[in-house]
Amino acid sequence: MHIQEWLENVPAISVYLLVGIVIGVESLGIPLPGEVVLVSAALLAAGHDGINPWILGACATAGAVIGDSIGYAIGRKGGRPMLAWLGGKFPRHFGESQIATAERSFQKWGMWAVFFGRFVALLRIFAGPLAGVLHMPYWKFLIANVLGGIIWAGGTTAVIYSVGVVAEDWLKRFSYLGLAIAVLIGLGSMLVVRNRAKKSAARSAAQPAPEPGTVPAAD
């Protein structure tokens, strides 16, 4: 079966479930490509009449909010030993420098770190568990969590879906040449963003890490 025909026949419910589950698991503290899955699903919805972008955004939001809340509960119960355990399992994501960077963000911004963390890959994984470890009041966490989830998931779905609709119409006119140009532009943008992210991470790692036990609870 041609790939286009296969994509057109993907059951909508499977897309909704996949997006909600992947984003939920990522949000509770397990590194998964939640943003990539959401962007891919939104693009698929742009060319698939059976996938409703409103339902897709709602599923992504629900996954983000529920996953973060579970991560918060786990972090509050498990404490710092849990972060040490995660560091052993996922050293690239939960290493000492990554944890120190996330702690500095929480120390400086409090509940806003949860809100803005939804838009940053590293903090998106850390936000729930670390807020629990630092004993942030749950009502503050929940407000930031819900608002961040709605704006991130809903906004990403709306923007990518709109771009996908426009791009699909454009590609119908220019065929594979347009597709090749779009892919090259996308790859170039990704490389630029990745390079900037590496420089930002390097600058954060160069800052002195806080001494153990000195990070106050985000009250």
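Everything quoted here is computed from the prediction, not taken from an experiment.

**Student:** Looking at this structure, how should I read the overall build of the protein chain?
**Tutor:** Secondary structure assignment for the protein chain yields 9 helices and 0 strands. Reading the protein chain from its N terminus to its C terminus gives the helix and strand order α-α-α-α-α-α-α-α-α. Carbon together with sulfur atoms contributes 70% to the accessible area of the protein chain, which is approximately 12500 Å² in total.

**Student:** How should I be thinking about the confidence of the model for the protein chain in this particular structure?
**Tutor:** A low pLDDT score tells you not to read the predicted coordinates there in detail. Averaged over every residue, the pLDDT of the protein chain is 74; residues scoring 70 or more account for 64%. Least confident of the elements in the protein chain is helix H1 (residues 3–8), whose mean pLDDT is 54; most confident is helix H2 (residues 12–27), at 90. Every residue in residues 212–219 scores below 50 in pLDDT, and together they form 15 contacts with partners more than four places removed in sequence or on other chains.

**Student:** Explain the side chain of Thr-61 here, please?
**Tutor:** Structurally, Thr-61 is set in helix H4 (residues 53–89). Its relative accessible area of 13% is what places Thr-61 among the buried residues.

**Student:** I keep staring at the packing of aromatic side chains and nothing clicks. Help me out?
**Tutor:** The description of an aromatic ring pair uses the distance of the two centres, along with the angle that the planes make with each other. Tallied over the entire structure, the rule returns 7 aromatic pairs. Taking 5.9 Å as the distance between ring centres and 35° as the angle between the ring planes, the aromatic pair formed by Trp-112 and Phe-116 counts as tilted. Taken together, the positions of Trp-112 and Phe-116, both in helix H7 (residues 111–117) and 4 residues apart, correspond to about one turn of that helix. Joined through ring pairs, the aromatic side chains of Trp-112, Phe-115, Phe-116 and Phe-119 make up one cluster. The ring of Trp-152 carries the charged tip of Arg-118 above its face, separated from the ring centre by 5.2 Å.

**Student:** Quick question: what am I supposed to make of the pattern of salt bridges here?
**Tutor:** Where side chains of opposite charge bring their charged atoms close, a pairing between them can arise. As enumerated under the stated definition, the model contains 1 salt bridge in all. Of the charged contacts, one joins Asp-68 and Arg-118 as a salt bridge, the two residues approaching to 2.8 Å between their closest N and O atoms. Note that Asp-68 is positioned in helix H4 and Arg-118 in the loop between H7 and helix H8 (121–133), a separation of 50 residues in sequence. Residue classification places Asp-68 among the buried residues on the basis of a relative accessible area of 2%.

**Student:** When you look at the environment of Ile-51 in this model, what are you seeing that I'm missing?
**Tutor:** For Ile-51, the position within the fold is in the loop between helix H3 (34–46) and H4. Owing to a relative accessible area of 3%, Ile-51 belongs among the buried residues under this scheme. Separated by 36 residues in the primary sequence, Ile-51 and Val-15 have C-alpha atoms spaced 7.9 Å apart. Those residues in contact with Ile-51 that lie beyond four places of it in its chain are Ala-12, Val-15, Tyr-16, Leu-44 and Ala-45.

**Student:** Help me understand the packing of H2 against H3, please; the structure alone is not making it clear to me.
**Tutor:** If you want to describe how two helices pack, look at the angle between their axes and the distance between the axes. Two elements in contact, H2 and H3, have axes separated by 9 Å at closest approach and are oriented at 160°. One way to sum up the angle between H2 and H3 is to call them roughly antiparallel. Between H2 and H3 lies a crossing whose hand is left-handed. Residue-level contacts link Val-15, Leu-18, Val-19, Val-22, Ile-23 and Glu-26 of H2 to Gly-34, Glu-35, Val-37, Leu-38, Ala-41 and Leu-44 of H3. For the contact of H2 with H3, the per-class residue count stands at 9 nonpolar, 1 polar and 2 charged.

**Student:** Explain a nonpolar patch on the surface to me, please; I cannot follow it from the model alone.
**Tutor:** On the surface, a nonpolar cluster with roughly 720 Å² of combined accessible area is contributed by Trp-109, Trp-112, Phe-116, Phe-119, Val-120, Ile-150 and Ile-151. Every element with two or more residues in the nonpolar patch is listed here: H7 and helix H9 (138–206).

**Student:** Which parts of the structure should I look at to understand H2?
**Tutor:** Each α-helix winds once per 3.6 residues, and so residues spaced three or four apart point in a common direction. Between the first and last C-alpha of H2 there are 23 Å, a value that for 16 residues agrees with the 22 Å anticipated at 1.5 Å per step. Looking only at H2, the buried set comprises Ala-12, Val-15, Tyr-16, Val-19, Gly-20, Val-22, Ile-23, Gly-24, Glu-26 and Ser-27. At the C-terminal side of H2, Gly-29 shows a positive phi close to 120°.

**Student:** What is the right way to read H3 from this model?
**Tutor:** An ideal rise of 1.5 Å per residue puts 18 Å on 13 residues; H3 measures up with 19 Å between its terminal C-alpha atoms. Among all positions of H3, only Gly-34, Val-37, Leu-38, Ala-41, Ala-42, Leu-44, Ala-45 and Ala-46 are buried.

**Student:** Looking at this structure, how should I read the environment of Ala-121?
**Tutor:** Mapped onto the elements, Ala-121 comes out in helix H8. Judged by relative accessible area, Ala-121 falls into the partly exposed class, the value being 47%. Put simply, Ala-121 and Glu-26 are 95 residues apart on the chain and 9.7 Å apart in space, counted from C-alpha to C-alpha.

About the criteria used
- Residues numbered from 1 in each chain as written.
- Predicted model: local features only at pLDDT ≥ 70, side-chain atom pairs only at ≥ 80, totals over all residues.
- Heavy atoms only, no water.
- Helix = DSSP H or I, 4+ residues; strand = E, 2+ residues; numbered from the N terminus.
- Areas by Shrake-Rupley, 256 points an atom, 1.4 Å probe, with all protein chains shown as cover.
- pLDDT = per-residue confidence, 0-100.
- Contact = heavy atoms within 4.5 Å.
- Buried < 20%, exposed > 50% of the residue type's maximum accessible area, 1.4 Å probe, protein only.
- Phe/Tyr/Trp six-rings, centres within 6.5 Å; stacked < 30°, edge-to-face > 60°.
- Lys NZ or Arg CZ within 6 Å of the ring centre and 35° of its normal.
- Salt bridge = Lys/Arg side-chain N within 4 Å of Asp/Glu carboxyl O.
- Axes fitted to C-alpha atoms, helices over the stretch in contact; angles between N-to-C directions.
- Parallel < 35°, antiparallel > 145°, perpendicular 65-115°, else oblique.
- Left-handed = near helix turned anticlockwise from the far one by under 90°.
- Nonpolar A, V, L, I, M, F, W, Y, C, P; charged D, E, K, R; others polar.
- Patch = residues over 30% accessible without salt bridge, like charges linked within 9 Å, V, L, I, M, F, W, Y side chains within 5 Å.
- Expected span 1.5 Å × (residues − 1).

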